[in-house]
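Listed below are the residues making up each chain.
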Amino acid sequence: MTTKHVPILFVLILSYSCFVGSTRAQTDFWQQTNGPYGGSVNSVAVNSNGHILAAEWTGRIFISTDYGEHWIELLNSPAPNLNTFIIAPNGHLFAGTMSGVYRSTDQGSSWTQVNSGLTRSEIYELAFDRQGNLYAGSYFGGVYRSS
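Given the structure is predicted, the values throughout are model-derived calculations rather than measurements.

Cut-offs applied
- Residues numbered from 1 in each chain as written.
- Predicted model: local features only at pLDDT ≥ 70, side-chain atom pairs only at ≥ 80, totals over all residues.
- Heavy atoms only, no water.
- Helix = DSSP H or I, 4+ residues; strand = E, 2+ residues; numbered from the N terminus.
- Buried < 20%, exposed > 50% of the residue type's maximum accessible area, 1.4 Å probe, protein only.
- Contact = heavy atoms within 4.5 Å.
- pLDDT = per-residue confidence, 0-100.
- Pairing = 2+ DSSP bridges.

1. Observations concerning the overall build of the chain
Part 1: A count of helical and extended segments in the chain gives one helix and eleven strands.
Part 2: Each helix (α) and strand (β) of the chain, taken in turn from the N terminus, gives the series α-β-β-β-β-β-β-β-β-β-β-β.
Part 3: A burial count over the chain gives 33% of its 147 residues as buried.
Part 4: A separation of at least 24 residues holds for 29% of the contacts in the chain among residues at least 6 apart in sequence.

2. Some words on the confidence of the model for the chain
Part 1: Confidence in the prediction for the chain averages 81 pLDDT; 82% of positions are at 70 or higher.
Part 2: Mean pLDDT across the elements of the chain ranges from a minimum in helix 1 (residues 8-27), with 48, to a maximum in strand 10 (residues 134-138), with 94.
Part 3: Scored below 50 in pLDDT, residues 6-19 shows one contact in the model against residues more than four places distant or in partner chains.

3. Description of the environment of Ser 147
Part 1: One can find Ser 147 in the segment after strand 11 (142-146).
Part 2: Measuring from C-alpha to C-alpha, the distance between Ser 147 and Gly 132 comes to 6.8 Å, with 15 residues separating the pair along the chain.

4. Description of the pairing of strand 10
Part 1: Among the five residues in strand 10, four count as buried, and that is most of the element.
Part 2: Direction of pairing for strand 9 (residues 123-128) relative to strand 10: antiparallel, over a ladder of five bridges. Residue Ile 123 lies in a different strand from strand 10, and its bridge partner there is Ser 138.
Part 3: Between strand 9 and the antiparallel strand that follows it, strand 10, lie five residues; Gly 132 among them carries a positive phi value of about 90°.
Part 4: Pairing geometry for strand 10 and strand 11, over five bridges, is antiparallel. Residue pairing across strands places Tyr 135 opposite Arg 145, the latter belonging to strand 11.

Written as structure tokens, this is what we have:
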């Protein structure tokens, strides 16, 4: 039985081409949607219907029901200086702003401030745990939890 040796140069070229091919596939993955344009998008969320919501720093919130082809601005926003928002398991929207946390129970048509217990109102991040508790990350005051 004879053994054939594969030249090391061939192995290096094959390895390089596999690496470059897999890296290129990852960089080609992202495609820009058709908007929303006109401001900095700070936060994106997708509801249970597959609708995409995008929030801008100015407080404007947009919704797309067709995977980003068309965007509609929701007429009522929680507050200017909107940093983040999240969709609760029950479908309610929560927004973190420089003036606290707001909740919408009607898909963004109206908003109510829900700041009871917050000693610092500059909210930059929101998250839910498995039990449904809402966590708010404050710029100056740490993390708050609400059930």
